[in-house]
Amino acid sequence: MKRFIGFIKKEFYHIFRDRRSLFILFGMPIAQILLFGFAITNEINNVDIAILDHSKDASTEEIINKISASKYFTVKQILTREADIETAFKKGKIKAVLNFEKHFSRNLIKQNQATIQIITDATDPNTANSITNYINAILQNYQQEKNRAIVVEYQIIPQTRMVYNPELKSVFMFVPGVMTIILMLVSAMMTSISITREKELGTMEILLVSPLKPFQVIIGKVVPYIFLSVINAAVIVLLSIFIFKMPLQGSLILLGLESVLFIITSLALGILISTIAETQQSAMMISLMGLMLPVILLSGFIFPISSMPVALQVISNIIPAKWFIIIIKGIMLKGVGMAFIWKETLILMGMTLFFIGLSVKKYKIRLE
Amino acid sequence: MKEENVIEVNQLTKTFGDFTAVNTISFEVKKGEIFGFLGANGAGKTTAMKMLIGISKPSSGEATVAGFDVYSQPESIKKNIGYMSQKFALYDDLTVKENITFFGGIYGLPRKKIWEKREQLISELGLENISNKLVGSLPLGWKQKLSFSVSLLHDPKIVFLDEPTGGVDPITRRQFWEMIYKAADQGTTIFVTTHYMDEAEYCDRVSIMVEGKIEALDTPKKLKEQFKVDSMNDVFLKLARIPSPTLPKGKGENTDCN
Amino acid sequence: MGISLSNISKSYKKVKAVQDISFKVNPGELFGLIGPDGAGKTTIFRILTTLLIPDKGTATVAGFDVVKDFKAIRKAVGYMPGRFSLYQDLTVEENLTFFATIFGTTIEENYDLIEDIYVQIEPFKDRRAGKLSGGMKQKLALSCALIHKPKVLFLDEPTTGVDPVSRKEFWEMLKRLQKKGITILVSTPYMDEAALCDRIALIQGGEILEIDTPEAIVSQFPKTIYNVGADNMYKLIQSLQQYEHVYSVFPFGEFVHYTDQRDSFEMADLQSYLEKEGLTDINIEVTHPNIEDAFMELAR
């Protein structure tokens, strides 16, 4: 036991003496969370639009007022000719143009129908979509107000309610993803690098030719990173709760335990990588390419899994991050307990055991 | 034959912060001479050599190499010298031919000249059968002989050798020295940096650097007489005070440690 | 408590690293493996320290089999791999403490064994290993390999890349350790270090050329060696190589070691031949062979 503690002590020396890595270790989660929380967002706010009003009557004015009164849009430009539309877009400031047809009010009253053309800049399709939806909603709302006096025989009024994230804050979606990436990266990359570093330095030879057992070396490498990763997870959760007002509906203890489980999964992956990689550089490459990319692309963190091609959907099942993201979203946003996430937990456990088994099998007590 | 100096160094100094790595050294090297530049790790020999090959600016003093000033004409120096170190010599993942072509190319030799030199070199070293093999698959001794020949491709006036024969078997090593004697006989100056004292025995003259200063400079024979010992190793043992246990501060790690 | 290898062979993919190696190191002996890079020295060390399994043959260290009893060997030996394997970001003292702990001991417990080595680096015990000079790293690595009082000590090229002063001190330390009853197997590419060992094995290309005491190896040299000097080294070598009775010509520092095919030969003949070749300042004298001469003769 004394040997083991001595080993862990040495690992902590390595970690705390390497200021740069330490900074990355703790600076990165904070930077990422803030970045995703503030800068990268799917919501639209203060989008600049232009108006081309061929009617200039009471109705168009009402609609324009309604739109510019909303926090979503700012009317930046009033155009006079159709030809100006393209120039406005090309300058790049304007994301959408509303084109009211001639005699808008008259048509509305006389023919019960009038047209507005909504032209959006679709270089960013997501934003274009959102803009159209928001404008449609505003128009519908205007229509309902107008129709209140008139009795319509049949009318379906959809009442939408967004649950678990009523304000549709994208940070709620990013926090679980960022947390997953960070835990994966810290755990897998850092352990695999720290093991391969000993191979490169030649100290692994001495460790092998010592009474330390292989599993002691592995556990010794892993323990400090479990500790660091738990701190990291806590920092992320605290930041998201206190800065982004993300709710924690479920049990904190359950969240903690699930995080530890995922950390162990990632550590097992890190050890597996270190049994394949001979140098720190290749360990880093394998961790980045082999772990980071799938986590970002296939875990459902950014791109919804349900809209992927079937083949990718199948592949996404073998990515541990996917299950962990489902678990955290469940606990933090929906407040579910073990009863609802036991399946995902079991899958993660299975994967962990598999990776540990594989790396123990691949771990060499000799050099070859 | 007129004795012309191809390297002239006068009061050359290099400081890093408070630390003086090279302390007012002065010496000359003649054309066709095999000059040994010795010193323990950290004595300042690599720093001094970097100044001579034009990749580090001296703090003070003067030096000319192949007739060019180290301050103002480093590019001309680089064109007129060859360099070979034990650590980096050739690309292991290129073939013998590709290596020769590549190094000929970076010294701006015309294609036809490279081709001629390449054939000549391959036949001189007896590499005909393996000229299309990867350099990485060759034994260390062959690599080093090839590497030395490559450093001579552009007919440099001076070749700088950094610990050229460390770890090579005794026979190959002697073949290597024969190549060096040949090059020197043809008028190429050889500047050998090393801390292997037995390499020093082969040089015409050697200088021994201790803590940034040149403490001895003469032929191996005279140095041995002067210190009344049998080998350069013993000369060195007598000269070198107990070396400072750590690398000097402010120099970063291992700038001089090979 | 000694070491024995019989018919050990090991290949990596296509490359034969060592072939049919057999030798014995007696308990308490200082045994040297002398050979250039790539001779197979490190492979032999790794087989003996249980890091590699030989393809063929058997070996024992301190009475234990290197394959079956690898755990027992790992407890009983000290190993210093080439390129001093230390933790660069740990201080001198932390390195030593760490290696003591993983071997289940403390610095205090075995201090007497490392004392005369460690006192030299103790003033710098708070300095990181990465900031030490080569000689100091070497001393620290040796202290680390000794901290658990091993019965057998394996030192793979401990003096490579170290300055002559540190090399000399290092061999003095090994002699003192030997007196304390530790069996030492050391490898080196420096032929001049061979004379410092009790017995040596000359090794090249994965095969052993000769095993004996350094004195015996030198005394068995079959020829008389002449030290030849002249004003122009290159011309001298060329001329000697073209001499009709030449057996071998090897440059040796400022001289050339020359041996003749004939058993008896007159130095004057050679002298006049060289003069005819246009050489001046000719100097010929009989000299003693050394290990390097012996090595080259055996490797021919």
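Here the structure is a predicted model, which is why all the values come from computation and not from measurement.

Thoughts on the sheet that holds strand β7 (residues 158-162) of chain B
All names here are of chain B. Strand order in the open sheet made by the 6 strands is β6-β7-β8-β3-β9-β10, with mixed pairing throughout. With one partner strand each, in any of the chains shown, β6 (81-85) and β10 (213-218) form the two edges of the open sheet. Across this sheet, the average inter-strand angle for adjacent strands is 15 degrees, counted without regard to direction. For strand β9 (residues 205-210) and β10, the ladder comprises 5 bridges, and the chain directions are antiparallel. Residue pairing in the sheet places Met209 in a bridge with Ile214 of β10.

Some thoughts on the interface of chain A and chain C
Opposite the 22 residues of chain A that make contact, chain C presents 22 residues. Element by element, the count of residues in the side of chain A that touches chain C is highest for helix α1 (residues 2-17) of chain A, at 8 residues. Each residue belonging to the side of chain A that touches chain C can be placed in one class, and the counts come to 9 nonpolar, 5 polar and 8 charged.

Some remarks on the interface of chain B and chain C
Listed by partner, the interface residues are 36 residues for chain B and 32 residues for chain C. For the side of chain B that touches chain C, the elements supplying multiple residues, two or more each, are α6 (170-185), α7 (197-200), α8 (220-227) and α9 (232-239) of chain B.

As for the sheet that holds strand β8 (residues 183-188) of chain C
All names here are of chain C. Across the sheet, 6 strands lie side by side as β6-β7-β8-β3-β9-β10; this open sheet has mixed pairing. The open sheet has two edge strands, β6 (77-80) and β10 (207-212), and neither has a second partner. On average, adjacent strands in this sheet sit at an angle of 15 degrees to one another, irrespective of strand direction. Against the sheet, helix α6 (residues 164-179) makes contact with β3 (30-34), β7 (152-155) and β8, and its axis sits at roughly 155 degrees relative to β8, the strand it touches most. Packed on one face of the sheet, helix α10 (residues 291-299) meets β9 (199-204) and β10 and runs near 135 degrees to β10.

Comments concerning the packing of helix α10 (residues 252-276) of chain A against helix α11 (residues 280-298) of chain A
A pair of packed helices is captured by two measures, namely the crossing angle of their axes and the spacing between those axes. Residues and elements named next belong to chain A. Axis separation between α10 and α11 bottoms out at 9 Å; the angle between their running directions is 130 degrees. One element, α10, and the other, α11, form an angle in the oblique class. Crossing of α10 against α11: the hand is right-handed. Contact residues: α10 offers Leu269, Ile273, Ser274 and Ile276, while α11 offers Ala283, Ile286, Ser287 and Leu291. Across the contact of α10 with α11, the residue classes tally to 6 nonpolar, 2 polar and no charged.

Things to note about the domain arrangement of chain C
Many analyses report the size of an interface as the accessible area lost when the parts associate. All names here are of chain C. Per the domain assignment, the segments making up chain C are domain 1 (3-219) and domain 2 (225-299). The straight-line distance from the C-alpha centre of domain 1 to that of domain 2 is 38 Å. Facing the 10 residues of domain 1 at the interface are 8 residues of domain 2. Those elements that provide at least two residues to the side of domain 1 that touches domain 2 are β9, β10 and α7 (214-219). Looking at which element gives the most residues to the side of domain 1 that touches domain 2, the answer is α7, with 3 residues. The class makeup of the residues in the side of domain 1 that touches domain 2 is 8 nonpolar, 1 polar and 1 charged.

Cut-off values and rules
Residues numbered from 1 in each chain as written. Chains lettered and ligands numbered in written order. Predicted model: local features only at pLDDT ≥ 70, side-chain atom pairs only at ≥ 80, totals over all residues. Pairing = 2+ DSSP bridges. Helix = DSSP H or I, 4+ residues; strand = E, 2+ residues; numbered from the N terminus. Axes fitted to C-alpha atoms, helices over the stretch in contact; angles between N-to-C directions. Contact = placed C-beta atoms within 7 Å. Nonpolar A, V, L, I, M, F, W, Y, C, P; charged D, E, K, R; others polar. Parallel < 35°, antiparallel > 145°, perpendicular 65-115°, else oblique. Left-handed = near helix turned anticlockwise from the far one by under 90°. Domains from an automatic or database assignment.

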